[in-house]
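What follows is the residue order along each chain.
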Amino acid sequence: MSAPSPVERLVARVLLWGGLLSISLVLAGLVFYAIAGHPNAREIVRVVHNRDVGRSVDVFASLGDVRRALAQRPPDPLAITALGLVCLLVTPALGVAAALVAFWRAGDRLYAGIAAGVLGMLVLSFALAAGG
Amino acid sequence: MAGALVGAALAGVVPTRALQLLLGLALAYSTVATLRQLRLELPEAGEADPLAMRFGLEGSYYDGARDRDVKYRATRVRLGFAAMFGAGLLSGLLGIGSGAFKVLAMDHFMRLPMKVSTATSNFMIGITSAASAGVYFARGDIHPMLAAPVAVGVLVGAAGGTRLMSRLRNTTVRKIFLPVLGWLAVSMILRGLGVGLP
């Protein structure tokens, strides 16, 4: 059986742990939500903004929304789930970043360049999304 | 990604029904192409492609069903690139995933083994989806309580499917893929013709 290359091993490890972390957070949020139910006091800035733009008050539209809801005591269970979903979105980008590093280390400048291009497009799309 | 960007820019200009019909016809072609290769376990080695050699588009994988390493090399890379661009274009225009086209591009045009095509397509979908999902998240379109069960289900199913695929023959993977492809083709053509589905 052919052994996977160092690049394949590193990317596989990043995707596996990213996926496991994401699913753990999503499930933890769901379990807390099932036990505690809706939070008694939701994070007010998000709620007001969501109502103003006519969407569900439980939606998170930025990392700041998630961070503020997690900072509440007790934390909003939906924010834990949303953090898991954010991890799920970021994991493929981390996989590409890991590939970039691994290709560079292996001296494969061509594929390091291609990985950098893909990562650049991903970062640009995240930045455009964050900018609204 | 380039196709998806162009498609996204053109969305709204081209009528949705025409797009659905176009997608349905492309999927129907994909279904016929898959049907013609239904009994093909591994593609025959094609002519050496200069682009494939330049980019090192070759490798090997351990095939659990055959209990041996399988070597492969991509051919007709330009054709594969054109099909990928088309896949991205339709994906961007209709806001749908284009895994079926990516598999077609790699399996049919680039003559890669089915398992390599599906695995590579899966990886590419993860990357391209991350880009668009970020936009949906920032728009507040992702409700955690709706997305969470779907994400858990897909992750568990994908992990199981991936483990299962390594033990299946390429022809079996193709047989599983075919009805899904056929259903997508029929449903898209019907939508394009304005026929409602139950």
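In what follows, the structure referred to is the one given above.
Now for a description of the structure that goes with this document.

Bringing the overall build of chain B into the picture now. Regarding its fold elements, chain B presents 8 helices and 2 strands. Listed N to C, the secondary structure of chain B is α-α-α-β-β-α-α-α-α-α in terms of helices and strands. The buried share among the 198 residues of chain B stands at 40%. A separation threshold of at least 6 residues defines the contact pool for chain B, and within that pool the share at least 24 residues apart is 75%. Of the roughly 10,600 Å² of accessible surface on chain B, 66% is carried by carbon and sulfur atoms.

So, about the interface of chain B and chain A. Across the boundary between the two partners, chain B contributes 29 residues, which contact 38 residues of chain A. When chain B packs against chain A, the two sides together hide about 2,700 Å² of surface, and 80% of this comes from carbon and sulfur. When residues of chain B are sorted by the area they lose upon contact with chain A, B:Phe137, B:Pro144 and B:Met145 head the list and together hold 21% of the total. Our count for the chain B to chain A interface comes out at 0 salt bridges. There are 1 residue pair in polar contact (both at pLDDT 80 or more) connecting chain B and chain A. Of all the secondary structure elements, the ones that give two or more residues to the side of chain B that touches chain A are helix H3 (50-55), strand S1 (58-63), helix H6 (114-138) and helix H7 (144-167) of chain B. The element best represented in the side of chain B that touches chain A is H6(B), accounting for 10 residues. Partitioning the side of chain B that touches chain A into residue classes produces 21 nonpolar, 5 polar and 3 charged.

Once that is clear, we can look at the pattern of salt bridges. Residues and elements named next belong to chain B. Under the defined criterion, the tally for this structure stands at 4 salt bridges over all chains. Of the charged contacts in the structure, one is a salt bridge between lysine 115 and aspartate 63, with a shortest N-O distance of 2.8 Å. Separated by 52 residues along the polypeptide, lysine 115 in helix H6 and aspartate 63 in strand S1 bring together distant segments of the chain. In terms of burial, lysine 115 and aspartate 63 fall into one category: buried. Between aspartate 107 and arginine 174 there is a salt bridge; the shortest N-O distance is 2.7 Å. One end of the pair, aspartate 107, is in helix H5 (residues 99-109); the other, arginine 174, is in helix H8 (residues 170-192), with 67 residues separating them in the sequence. Exposure remark for aspartate 107: the relative accessible area of 4% places this residue in the buried category.

This part is about the packing of aromatic side chains. Under the definition given, this model contains 2 aromatic pairs over all chains. Residues A:Phe103 and A:Tyr111 carry aromatic rings whose centres are separated by 5.5 Å and whose planes lie at 35° to one another, so their mutual orientation is tilted. With a centroid separation of 6.3 Å and an interplanar angle of 45°, the aromatic rings of B:Tyr61 and B:Tyr72 are classed as tilted. Here B:Tyr72 lies in strand S2 (residues 68-73) and B:Tyr61 lies in strand S1, a separation of 11 residues in the sequence. The side chain of A:Arg109 reaches across the aromatic face of A:Trp104, ending 3.8 Å from its centre. Here the basic side chain of B:Arg54 rests over the ring of B:Phe55, its NZ or CZ set 5.9 Å away from the ring centre.

B:Lys115 gets classed as buried once you look at its relative accessible area, which sits at 5%. Among all residues touching B:Lys115, those that are not within four sequence positions of it are B:Tyr61, B:Asp63, B:Ala65, B:Met165, B:Ser166, B:Leu168, B:Arg169, B:Asn170 and B:Val173.

The next thing to look at is the environment of B:Ala105. Following the sequence through the fold, B:Ala105 ends up in helix H5. Beyond its immediate stretch of four places on either side in the chain, B:Ala105 contacts B:Gly80, B:Ala83, B:Met84 and B:Met110.

How each quantity is defined
Residues numbered from 1 in each chain as written. Chains lettered and ligands numbered in written order. Predicted model: local features only at pLDDT ≥ 70, side-chain atom pairs only at ≥ 80, totals over all residues. Heavy atoms only, no water. Helix = DSSP H or I, 4+ residues; strand = E, 2+ residues; numbered from the N terminus. Buried < 20%, exposed > 50% of the residue type's maximum accessible area, 1.4 Å probe, protein only. Contact = heavy atoms within 4.5 Å. Areas by Shrake-Rupley, 256 points an atom, 1.4 Å probe, with all protein chains shown as cover. Buried area = accessible area lost by both parts, 1.4 Å probe. Salt bridge = Lys/Arg side-chain N within 4 Å of Asp/Glu carboxyl O. Polar contact = N/O pair within 3.5 Å; in protein donor to acceptor, adjacent residues only side chain to side chain. Nonpolar A, V, L, I, M, F, W, Y, C, P; charged D, E, K, R; others polar. Phe/Tyr/Trp six-rings, centres within 6.5 Å; stacked < 30°, edge-to-face > 60°. Lys NZ or Arg CZ within 6 Å of the ring centre and 35° of its normal.

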